Amino acid sequence: MSFVFSKENLERIEALKSRYPSPKALLLPCLWMAQYQEGYISLDAIEVIGEVIDMPPMELYRVATFYTMFNLEPVGKYHIQLCKTLSCALRGKAQILAQLSNRLGIKPGESSQDGKYTLSQVECLGSCGTAPVMQINDRYYENLTPEKIDTILESLEEES
Amino acid sequence: MSQTEVVIDDKRFVAKEGSLLIDLLIKHNLKVPYFCYHEALGADGNCRMCMVEIEGQKRPQIACDTLIKEGMVVRTKGENIESVRRNILELELINHPVDCPICDQAGECKLQDFYMDYGLYDSHIDQADKVHHQKHIDLGSNVMLDQERCVLCARCTRFTADITKTHELGIIGRGDHARVSTMPGKKLDNPYAMNVVDLCPVGALTSKDFRFSQRVWFLTSTPSVCHGCAKGCNIFIDHNREKYKDETIYRFRPRENQAVNGYFICDEGRLSYKALQENRQVERDRNGAVCSEAEALKAYCKTLEGAKGEIIVLADPNLYREELVAIEAYAAHIGASLYAPLEHYRDEDFADDWLKSSQRAANAKAVEILEIKTTLPVEKAGLLISFNHPDAAQIKAEKVISFQTHIGKDAYDLTLPLAVFSESAGTLVNEEGIEQYCPRAIKRNEPIPTVIEWLTQIEGGDK
């Protein structure tokens, strides 16, 4: 198996284990750790977690497929998740999406060729007051306009 | 738990307090629809079909998750509850492809039954709007999955999780996209896998072996017992005689018997029906030439009369008890020594701690009770008469008469065809000593004699 938890993650798992009556309670934390460590949850990771928390891999796989925030396929360095639900849709999500697609040259659900960006549309991000909203990795970008998209993407380019 | 009285549809019933309401309804044949509940798997409460009205409760309740309480008043019929069931059924059917004409489950499908009982509505959903999933996925172990037909009752996933504990199946995704699946790249792989086909209340899981071979309403089910090992699992033999053809077995299905096998059988036993109709010995064969029954009987008597030295009779420990008794009496009559060697039927690799026994001879216990010798005879015989024993060729004998169900690789002086267990009737005693009677299921167009029919003819000609 190619997946191995990092030393810090293993320490965190051990610390968390003492908190709950059963190691099975660590199902979600472990999935998160695997996703942060690798960028996505591989089948190898599911096997490894199954051993760590004593659970059949199928049970883990069911949970991992249930939640849309777990990526089961590799994503780019910057995972752009644009909200497509009502408030954002009414406040101009379509233009934002067009702008993102144009600048990155990819459609929703695709990754750029250099593996830097993945664009996806998601259900409500819970920030309707500042619609339209997108999330890049763990950060929210609010009150978006096509111009703002340009600045954001440029800053990401500089950053990397 | 104490007994208590409950009222269901204005009738009084006595039940254990704290037991499941649905068990009582099923026990007394009170009509209640359900997909997900199964006696072997317990209540899951996900299909919501088994709604009943309970006096004092605001809303209808699911019978599979309701415990019986004293003085409970339950209604399973009425306008109200039937409209609730109709609505739930419509939800279950929203994305169903309604491909009954090409579906193997048709005729034994719960969706069809409930639609005729409670549905009969006009669909609100257009065929074009249905969510599609993958069809005909080969899960392995002879099980085919059609994700679109699935009602997500989770019986199959609960079977692999709770009963076989192999955890191959699970429901992945959610909402409209929820579907039964294995892990990517993994197969359904356990010796009891095909039971999920019986468990599936709809046509989502079908048997690769049975599919497209017969419509279930043409099949006749005869209760019987599996001859795969000494466990004696109860089965139904599903058979049909098509026009101009011989009666054919299409499948074995498990038959519930809590004392023996519960609700399930192993895959090997389930598929053992094939051997009953392949490579069968049909002709009477004397020194390599086919002969008539009269000639065969004549040759038999002549060989018996001319036998020099000891006569040995070998009986297959798979034969019914009645047949073994008849062979025992016949052996005594002709002064032969009788053996039913068991050595051949020991198979430690086959055994597990559930429904598979290392003793592969179905009637080994009866052999033991009848005190027939179970060792392989070592002495040289003047004449060997074998009743379908697989070790017949190992015994040194001047002349050999072999009654056999299947064509073997060894040639004998006289080879006579013999009926298999489905073409005969009798009693099996399983390894725990439980006696089970198996009626005759198959009547061939040109019948092959059973042991008792042969012996009757021989003794008739003997006089």
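Residues numbered from 1 in each chain as written. Chains lettered and ligands numbered in written order. Predicted model: local features only at pLDDT ≥ 70, side-chain atom pairs only at ≥ 80, totals over all residues. Heavy atoms only, no water.

Just to check I follow, could you spell out the overall build of chain A for this structure?
Along its length, chain A carries seven helices and four strands. Order of helices (α) and strands (β) in chain A, N terminus to C terminus: α-α-α-α-β-α-α-β-β-β-α. Each of the three principal axes of chain A carries a C-alpha extent, and together these read 50 × 30 × 25 Å. Evaluated residue by residue, chain A yields a buried proportion of 42% over its 160 residues. A fraction of 61% describes how many contacts in chain A between residues 6 or more apart in sequence connect residues 24 or more apart. With an accessible surface of roughly 8800 Å², chain A has 52% of that area assigned to carbon and sulfur atoms. Here chain A contributes 15 positively and 21 negatively charged side chains, and the mean placements of these two sets differ by 5 Å. (Helix = DSSP H or I, 4+ residues; strand = E, 2+ residues; numbered from the N terminus. Buried < 20%, exposed > 50% of the residue type's maximum accessible area, 1.4 Å probe, protein only. Contact = heavy atoms within 4.5 Å. Areas by Shrake-Rupley, 256 points an atom, 1.4 Å probe, with all protein chains shown as cover. Lys, Arg positive; Asp, Glu negative; His and termini not counted. Charge placed at Lys NZ, Arg CZ, Asp CG, Glu CD.)

What am I meant to see in the overall build of chain B here?
For chain B, the helix and strand inventory stands at 10 helices and 22 strands. Along the longest, intermediate and shortest principal axes, the C-alpha atoms of chain B span 85 × 55 × 40 Å. Expressed as a percentage of the 463 residues in chain B, the buried residues total 54%. Put simply, of all contacts in chain B between residues at least 6 apart along the chain, 63% involve residues at least 24 apart. When the accessible area of chain B is evaluated, it comes to approximately 21600 Å², of which 49% is carbon and sulfur surface. Distance between charge centroids for chain B: 2 Å, based on 56 positive and 71 negative side chains.

How should I be thinking about the interface of chain A and chain B in this particular structure?
One frequently used descriptor of interface size is the decrease in accessible area upon assembly of the parts. Tallying the contact residues gives 12 residues for chain A and 14 residues for chain B. Buried surface at the junction of chain A and chain B, summed over both partners, amounts to about 1100 Å²; 65% is from carbon and sulfur atoms. Taken together, the links from chain A to chain B amount to one salt bridge. Taken together, the connections running from chain A to chain B amount to three residue pairs in polar contact (both at pLDDT 80 or more). Those elements giving two or more residues to the side of chain A that touches chain B turn out to be α3 (43-53) and α4 (57-66) of chain A. Top element by residues in the side of chain A that touches chain B is α4(A). It accounts for seven residues. Residue composition of the side of chain A that touches chain B, grouped by class: seven nonpolar, two polar and three charged. (Buried area = accessible area lost by both parts, 1.4 Å probe. Salt bridge = Lys/Arg side-chain N within 4 Å of Asp/Glu carboxyl O. Polar contact = N/O pair within 3.5 Å; in protein donor to acceptor, adjacent residues only side chain to side chain. Nonpolar A, V, L, I, M, F, W, Y, C, P; charged D, E, K, R; others polar.)

I tried to follow the packing of aromatic side chains on my own but got confused; where do I start?
Within a pair of aromatic rings, the relevant descriptors are the distance that separates the centres and the angle that separates the planes. One pass over the full model with this rule turns up 19 aromatic pairs over all chains. Ring pairs connect the aromatic residues A:W32, A:Y36, A:F66, A:Y67 and A:F70, which therefore count as one cluster. Between B:K110 and the ring centre of B:Y34, over which it is positioned, the NZ or CZ distance is 5.8 Å. The aromatic ring of B:F236 is capped on one face by B:R255, whose charged end is 5.8 Å from the ring centroid. (Phe/Tyr/Trp six-rings, centres within 6.5 Å; stacked < 30°, edge-to-face > 60°. Lys NZ or Arg CZ within 6 Å of the ring centre and 35° of its normal.)

Even after reading the chapter, I still don't get the pairing of strand β21 (residues 426-429) of chain B, so can you show me in this structure?
Note on strand geometry: in a regular strand, side chains alternate between the two faces of the sheet. Residues and elements named next belong to chain B. Where β21 meets strand β22 (residues 435-438), four bridges bridge the pair, whose relative direction is antiparallel. Directly across from T427, in β22, lies its bridge partner Y437. Between β21 and β22, which pair antiparallel and follow one another directly, the connecting turn spans five residues, one of which, G433, has a positive phi of 85°. (Pairing = 2+ DSSP bridges.)

Would you explain the side chain of A:S127 in this entry?
All names here are of chain A. Structurally, the position occupied by S127 is in the loop between β2 (117-122) and β3 (134-136). In this structure S127 comes out as buried when scored by relative accessible area, which is 12%. Engagement of the side chain of S127 in a polar contact is seen with the side chain of T130, the distance being 2.6 Å. Of the polar contacts made by the side chain of S127, one reaches the side chain of E142; its length is 3.1 Å. Beyond its immediate chain neighbours, meaning those up to four positions away, S127 contacts V133, Y140 and E142.

Explain the domain arrangement of chain B to me, please; I cannot follow it from the model alone.
For chain B, the domain assignment lists domain 1 (3-92), domain 2 (100-125 + 132-207) and domain 3 (284-462). Of note, the centres of domain 1 of chain B and domain 3 of chain B, computed from C-alpha atoms alone, are 52 Å apart. (Domains from an automatic or database assignment.)

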